[in-house]
Amino acid sequence: MHVMAVSTISDNDKFWSSLKKAYGQLPKGARWTLAVGSTDGTKAVNVIVHDSIDSVKSFFEEYAAAFGTTEYFEADAANAVGLPKK
């Protein structure tokens, strides 16, 4: 499944620095397909392909929780435009 991680960022530089470290530590079977932030540095959307929202949340929170708050959703792949294939 595609898991969307939608973040409100409190420290833009530390948030993205921590996610760059996280990228090299993805859980087995996970694939990061999108990481994009707003130009003002207050919002971010990340899409990670994995079999569990809870696993993505645990992984993501380990790296990013200190620098923002994040909500997690399963993407509606059937109605998505441009969503990468699993």
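Residues numbered from 1 in each chain as written. Predicted model: local features only at pLDDT ≥ 70, side-chain atom pairs only at ≥ 80, totals over all residues. Heavy atoms only, no water.

The protein is annotated in an unreviewed UniProt entry as Beta-lactamase class C and other penicillin binding protein-like protein from Ktedonobacter racemifer DSM 44963.

> Could you give an account of the nonpolar core, with specific residues and numbers?
Of all hydrophobic cores here, the largest spans 18 residues; its most connected members are Phe-15, Trp-16, Leu-19, Ala-22, Trp-32, Ile-48 and Phe-60. Secondary structure elements with two or more residues in this core: strand 1 (2-9), helix 1 (12-23), strand 3 (43-49) and helix 2 (53-64). It is helix 2 that contributes the most residues to this core, five residues altogether. Apart from residues lying up to four places away in sequence, Leu-19 is in contact with Trp-32, Asn-46, Phe-60 and Ala-64. (Core = buried A, V, L, I, M, F, W, Y, C linked by side-chain atoms within 4.5 Å. Buried < 20%, exposed > 50% of the residue type's maximum accessible area, 1.4 Å probe, protein only. Helix = DSSP H or I, 4+ residues; strand = E, 2+ residues; numbered from the N terminus. Contact = heavy atoms within 4.5 Å.)

> Kindly report on the packing of aromatic side chains, identifying the contributing residues and their values.
According to the stated counting rule, one finds seven aromatic pairs in the structure shown. Centre to centre, the rings of Trp-32 and Phe-59 are 6.2 Å apart; their planes meet at 75°, and the pair counts as edge-to-face. On the criterion of sequence distance, the pair formed by Trp-32 in strand 2 (residues 31-37) and Phe-59 in helix 2 is long-range, its members being 27 residues apart. The same class applies to Trp-32 as to Phe-59, namely buried. Ring plane angle 55° and centroid distance 5.5 Å describe the contact between Phe-59 and Tyr-63, whose orientation is recorded as tilted. In this pair, Phe-59 and Tyr-63 both sit in helix 2, four residues apart, roughly one turn of the helix. The structure contains a cluster of three or more aromatic residues connected by ring pairs, namely Phe-15, Trp-16, Tyr-23, Trp-32, Phe-59, Phe-60, Tyr-63 and Tyr-72. (Phe/Tyr/Trp six-rings, centres within 6.5 Å; stacked < 30°, edge-to-face > 60°.)

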